[in-house]
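For reference, the chains in residue letters:
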Amino acid sequence: QVTLRAGAELDARRVNQYTLTLQAACPGEDEVEERLFVWVTAGQVLRCDAPFASAGGDVVQVLADTAPRTPLYVVLPQPLGGLTVSGGCPRFRLQNNDTPLTLTHQGLVLAPLNGFDPSQDTQTFRLEIEVTDRHGHNCSGAVSVEVLPSRRPCVTFLEPQRDVMVPEGTGPLEVVTQVHASLLCHPDTVRYAIVAPTAPALFTIDEVTGEIRSTSQLEVAHASLLVRAYNALHPTDQATTMLNITVRGTDRRAPSCVPALSVSQVPETVSPGSTLVTLRCTDPTGAEGGLHYALEGPPASRSRFRMEGPRLQVNTTLDYDSEAVAALGFQFTATIVVTAGGQPPRSTRVPVLVTVTPINEFTPVCPSGATFTVLETAAFGSAVGRVAGTDRDYPPDSLEYSLEEGPGPAQPFSIDTRTGEIRVVGPLDSQRHKSYRLTVRLTDTHNDLDPAKRRSRLCDVAVRLQAVPDQAPVCTPEVQELRITARLGGPQPVTRLACQGSPDGATLAYTIAGGNEDGRFQLQGNTLFYLPDDLAEPRTFVLLMEVWGGPGAPRRSTVVALVVHVIPWSTPVPPSTTTQRTTLQKEPLIVMRTEVAWHPPAWFVAVLTVSGALLLASLGCVARSLLCR
């Protein structure tokens, strides 16, 4: 590849032909020599003159504190910039991109966008620029920008003098103030020192951070400090500032507030945003900055209340009917901290006690499906069932129960006012009444400060009477003798009891009352089954079967006696495929019958006795008065 040497100029009027002799050789072969003829024709050309087009290029020197985007160099047409342009305005292109400098379309070289780094020493940036006209003719050149250190000092103070006020009582090694120098170079090498007085008694300075601290407890005084900031690498690069420090006396009186203690009582329905108390606080010192109000206390209190300036307001609903509020005793405690400005801050604490009172908000709710069943033979005072009403007000389910119609022949029941338990207080007859419909009133209690504010609801309760058979079941026969042969396999049926209960067709209940100590027999309904086992010899079992007419009380039952002869399968027996049934001579059976008796409690007897004595005494007094007349 043959290229034109940098900086060379072609002039067809002076030389219009160049003859180049080229020699080429490969290892082990003869050298080849050829000639190349280069013809130069006259035409419009683009020329870049020295020093821009020289081998070293042009050189520009600037200072490091040059402002960003400042023009540093311009490539202009002759005779201004050494560039001859024919055929319109040229285009400029930067050939190397490893420079922070910027080249514009007009040929201007600008300083970096963020300026030069003043902490660096002399820097050099080289720009290789190509210039092209609209015909495609081009030339190239270079410019080197040398950045020289700034002649201005790197360390400066924005304020040559500053006044500092310090409160009396500032403790040792507390930060009083801090000086900060403006850094133009080497920001990590700036150090600070107190120049005058040479041995300060009250203050010291951190040479790296510039923090000025007290050396002892400060009293009312005035001191002037001359502080110097300097470059540790170049100590002559320095700046000073004067600090006038005044230690002034402080008034430590805290703000005074009215009321000094806040006790309030609010209903649970108070709306959020309501104001409970407004503090009237004053600062005796009259310091500027006003007073700041903050609420402190348990999380439960801080979440339900807030401060809006001097006003204590409700933040969320205060639900009396919750276990969380009940655990706090329905009281919230907090502290309002009133702080005045100044150093040190002065504060006053106002204790707050808020008591939440109940409001009867909800009506009692009836239980679903309040239906009970009782035997018509139930004794006086027997429990029928419990009406379990509910109430969402606290305390939960604090209800009183009452019947709309008192106990009587048409309603032989009473209800416990506290528990809601229904009991029998009169005779029951299923022939006259199959069921009773009771109206129970639920009334809430202790749910409001005003005892008159009570809510109630009427609930329908159904009590069904269950008839009890009047006579014991009849079984035929009452005594049976059975003979079976034990077989292998599952349960083996023995017999089925034929019994008849009351005319209303009530279901009968069966049980083995005796003789089944080893569990060889099992009842399923009225059918008796034998459970086969490894019986080796014939055996006779005497079973007593009790039959009664349902869950009545007292229970009227019949006992059937069964004599069962069990013969093992391997024991030879006379051929027979039928079960022998023999009616034995009836033996006396003992039937237990329970008579219902009412045994009143001791307190009832005592009350009845006292009432009778008082009645007799009253009658005696009346008779005596009549005889005296």
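Basis of the calculations
Residues numbered from 1 in each chain as written. Predicted model: local features only at pLDDT ≥ 70, side-chain atom pairs only at ≥ 80, totals over all residues. Heavy atoms only, no water. Disulfide = S-S within 2.5 Å. Helix = DSSP H or I, 4+ residues; strand = E, 2+ residues; numbered from the N terminus. Buried < 20%, exposed > 50% of the residue type's maximum accessible area, 1.4 Å probe, protein only. Phe/Tyr/Trp six-rings, centres within 6.5 Å; stacked < 30°, edge-to-face > 60°. Core = buried A, V, L, I, M, F, W, Y, C linked by side-chain atoms within 4.5 Å. Contact = heavy atoms within 4.5 Å. Pairing = 2+ DSSP bridges. Axes fitted to C-alpha atoms, helices over the stretch in contact; angles between N-to-C directions. Salt bridge = Lys/Arg side-chain N within 4 Å of Asp/Glu carboxyl O. UniProt positions renumbered as here; feature names shortened; annotations may be inferred. Patch = residues over 30% accessible without salt bridge, like charges linked within 9 Å, V, L, I, M, F, W, Y side chains within 5 Å. Areas by Shrake-Rupley, 256 points an atom, 1.4 Å probe, with all protein chains shown as cover.

Draft legend 1. Region of the structure containing the state of the cysteines. Within the structure shown, the criterion is met by three disulfides. Between Cys257 and Cys281 runs a disulfide, and the two sulfur atoms are separated by 2.1 Å. A torsion of 115° about the S-S bond marks the disulfide between Cys257 and Cys281 as right-handed. Taken as a pair, Cys257 in strand E21 (residues 256-258) and Cys281 in strand E24 (residues 280-282) lie far apart in primary sequence, 24 residues in all. Summarising the burial analysis for this pair, Cys257 and Cys281 share the class buried. Put simply, Cys475 and Cys499 are joined by a disulfide, and their sulfur atoms are 1.9 Å apart. Handedness here is read from the sign of the S-S torsion; for Cys475 and Cys499, about 110°, the answer is right-handed. Here Cys475, found in strand E37 (residues 474-475), pairs with Cys499, found in strand E40 (residues 499-500); they are 24 residues apart in sequence, far enough to count as distant. Look at Cys499 and you get buried, because its relative accessible area is 18%.

Draft legend 2. Representation of the packing of aromatic side chains in the model. Taken as a whole and judged by the stated rule, the model has eight aromatic pairs. Plain terms: the ring middles of Phe330 and Tyr394 are 5.2 Å apart, the flat faces sit at 65° to each other, and that makes the pair edge-to-face. On the criterion of sequence distance, the pair formed by Phe330 in the loop between helix H2 (323-327) and strand E28 (331-340) and Tyr394 in the loop between strand E31 (383-386) and strand E32 (399-403) is long-range, its members being 64 residues apart. The buried category is assigned to Phe330, whose relative accessible area is 15%. Relative to Tyr436, the ring of Phe413 has its centre 5.2 Å away and its plane inclined at 75°; by these criteria the two rings are edge-to-face. With a gap of 23 residues between them, Phe413 in strand E33 (residues 413-415) and Tyr436 in strand E35 (residues 435-444) connect regions that are remote in the sequence.

Draft legend 3. Structural context of the nonpolar core. One finds Phe305, Leu312 and Ile336 to be the most contacted residues of the largest nonpolar core, which totals 26 residues. Those elements giving two or more residues to this core turn out to be strand E23 (275-278), strand E25 (291-296), strand E26 (305-308), strand E27 (311-314), H2, E28 and strand E29 (346-357). Each residue touching Leu312, except ones within four places of it in the same chain, is listed here: Ser274, Thr275, Leu276, Val277, Leu295, Phe305, Arg306, Met307, Ile336 and Val352. If you look at the next biggest cluster of nonpolar residues, it comprises 25 residues, including Cys48, Val109, Val143 and Val147.

Draft legend 4. The sheet that holds strand E22 (residues 262-267), seen in detail. The sheet built from four strands is open, its strands ordered E22-E29-E28-E25 with mixed pairing. Edge positions in the sheet fall to E22 and E25, since each of these pairs with one other strand and no more. Mean inter-strand twist for the sheet, computed between neighbouring axes without regard to direction, equals 25°. Direction of pairing for E28 relative to E29: antiparallel, over a ladder of ten bridges.

Draft legend 5. Main features of the pattern of salt bridges. Applying the stated rule across the entire model yields twelve salt bridges. Where Arg454 meets Glu400, a salt bridge forms, and the shortest distance between an N and an O atom there is 3.1 Å. On the criterion of sequence distance, the pair formed by Arg454 in the loop between E35 and strand E36 (456-466) and Glu400 in strand E32 is long-range, its members being 54 residues apart. A relative accessible area of 40% places Arg454 in the partly exposed class. Relative accessible area serves as the criterion here: at 38%, Glu400 is assigned to the partly exposed category. Two residues, Glu421 and Arg423, come together in a salt bridge whose shortest N-O distance is 3.2 Å. What you see here is one network of salt bridges that share partners, running through Asp518, Arg520 and Arg539.

Draft legend 6. The arrangement of the sheet that holds strand E13 (residues 161-167) in detail. If you trace the four strands from one edge of the open sheet to the other, you get E13-E20-E19-E16, paired in mixed fashion. Two strands lie at the open edges of the sheet, namely E13 and strand E16 (190-196), each paired on one side alone. Taking each pair of neighbouring strands and ignoring which way they run, the sheet shows an average axis angle of 30°. With six bridges joining them, E16 and strand E19 (residues 221-231) adopt antiparallel strand pairing. Bridge assignment links Ala193 to a residue of E19, and that residue is Arg228.

Draft legend 7. Summary view of the UniProt feature "transmembrane region" (unreviewed entry) in the chain. Per the UniProt annotation, the sites labelled "transmembrane region" (unreviewed entry) are residues 602-627. End-to-end, the C-alpha atoms of residues 602-627 are 38 Å apart, and along that stretch the chain is 100% helix and 0% strand.

Draft legend 8. Structural context of the environment of Val155. Tracing the backbone shows Val155 in strand E12 (residues 155-156). Among the residues examined, Val155 registers a relative accessible area of 2% and is labelled buried. Through-space distance from the C-alpha of Val155 to that of Thr240 is 9.4 Å; in sequence the pair is 85 residues apart. Residues in contact with Val155, not counting those within four places in the same chain, are Ala181, Ser182, Val190, Ala229, Tyr230, Asn231, Asp237, Gln238 and Ala239.

Draft legend 9. Region of the structure containing a nonpolar patch on the surface. Where nonpolar side chains cluster on the molecular surface, the patch consists of Val2, Leu4, Leu10, Val15, Tyr18, Leu20, Leu22, Leu36 and Val38 and spans about 690 Å² of accessible area. At the level of secondary structure, the elements contributing two or more residues to the nonpolar patch comprise strand E1 (17-24) and strand E2 (32-39). It is E1 that provides the largest number of residues to the nonpolar patch, a total of three residues. As for its placement among the helices and strands, Leu4 is situated in the segment before E1.

Draft legend 10. Expanded view of unusual backbone geometry. In this structure, Pro197 follows Ala196 across a cis peptide bond, with omega equal to -5°. The omega angle of the peptide bond from Thr476 to Pro477 is -10°, so this bond is cis rather than trans. Structurally, Pro477 is set in the loop between E37 and strand E38 (479-485). For Leu173, which is not a glycine, the phi torsion comes out positive at approximately 60°. Phi at Asp397 takes a positive value of approximately 55°, unusual for a residue other than glycine. You can see Asp397 is positioned in the loop between E31 and E32. For Asp397, a relative accessible area of 41% corresponds to the partly exposed category.

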